[in-house]
Amino acid sequence: MGIQITPSILNADFSRLGEEVGRIPSADWIHVDVMDNHFVPNLTFGPTMVEALARSTDTPLDAHLMIEDPDRHAPAYVEAGCASVTFHVEAAKAPVRLAREIRAAGGRASMALKPATPVEPYEDLLPELDMLLLMTVEPGFGGQKFLDLVLPKIRRARALFDKHGVETWLQVDGGVSLETIERCAEAGADVFVAGSAVYSADDPDAMVTALRAAAEGARA
Ligand code: DX5
Ligand code: ZN
């Protein structure tokens, strides 16, 4: 799989989400940030809204659950129409069982790590995951500054994938822009979430294309 761009709608206009998603036809995925005001100090939307969004677009949805008790709530997002569902390991009680449940429901199973959570303890879980998400900001809000301190972890995660020969995708989320995407791609990321960079651009779709080109250039 090559480079993929998954714009986050967190900074889009929530009063007309269907149209906002229609502005980025070049996106590989649409990243939907689900926040519960407990795991993170912010509140967004739940499965009903995600289901409506899934009906309004042909682009697959990439749900990022920043919620407590994902063991209980994550499978509902596959049922709501998300092709990929990411839970946070810091919130999951039984990450292996949860990843298997997401896959059994027909979704791609993905696990997220906050910036201070190390990847090494989860090495043996990699074959259970279709994607690993490394947060490059503290989760909760769009528009934060990219944390360069995560770059060594991206490199170490990529080395672990190579060691185990897994097809797992490596996603980065937070502060990804034309200024920071090349660093992430060089370190080994291949799936890039970009929120404010895309939705604050005059032409969001052109920004998606520019981000992909920058990442491809850096990986070549
Ligand atoms: C932050 C969210 C991100 C956010 C990214 O908690 O998980 O997906 O929307 O927004 P930017 O790209 O503006 O950092
Ligand atoms: Zn996110």
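Conventions and cut-offs
- Residues numbered from 1 in each chain as written.
- Chains lettered and ligands numbered in written order.
- Predicted model: local features only at pLDDT ≥ 70, side-chain atom pairs only at ≥ 80, totals over all residues.
- Heavy atoms only, no water.
- Phe/Tyr/Trp six-rings, centres within 6.5 Å; stacked < 30°, edge-to-face > 60°.
- Helix = DSSP H or I, 4+ residues; strand = E, 2+ residues; numbered from the N terminus.
- Buried < 20%, exposed > 50% of the residue type's maximum accessible area, 1.4 Å probe, protein only.
- Donors = N, O, S within 2.8 Å, 3.2 Å for Na, K, Ca; no water.
- Tetrahedral: all angles 85-135°; square planar, octahedral: opposite > 155°, others 65-115°.

**Concerning the packing of aromatic side chains**
For the structure shown, the criterion picks out 2 aromatic pairs. For the pair Phe 14 and Phe 45, a centre-to-centre distance of 5.6 Å together with 55° between the ring planes defines the contact as tilted. Of this pair, Phe 14 sits in the loop between strand S1 (4–7) and helix H1 (17–22) while Phe 45 sits in the loop between strand S2 (30–35) and helix H2 (47–55), and the two are 31 residues apart along the sequence. Owing to a relative accessible area of 33%, Phe 14 belongs among the partly exposed residues under this scheme. On the numbers, 6.0 Å between centres and 75° between planes, the contact of Trp 29 with Trp 169 is edge-to-face. Linking Trp 29 in the loop between H1 and S2 with Trp 169 in strand S7 (residues 169–173), this pair joins segments that are 140 residues apart in sequence. A single burial state applies to Trp 29 and to Trp 169, both of which are buried.

**Description of the coordination of the zinc ion (ligand 2)**
Note on the zinc ion (ligand 2): its protein donors are His 31 (NE2), Asp 33 (OD), His 64 (ND1) and Asp 173 (OD). The metal-donor distances range over 2.1 to 2.3 Å. Coordination at the zinc ion (ligand 2) comes from 6 donor atoms whose angles at the metal span 72 to 172°, giving a geometry best classed as octahedral. Binding-site remark: the zinc ion (ligand 2) is held by donors from one chain whose sequence spacing is H-x1-D-x30-H-x108-D. Residue Asp 33 is found in strand S2, and its partner His 64 is found in strand S3 (residues 61–66); the two are separated by 31 residues along the sequence. Overall, the relative accessible area of 4% leaves Asp 33 in the buried class. Since its relative accessible area comes to 0%, His 64 is described here as buried.

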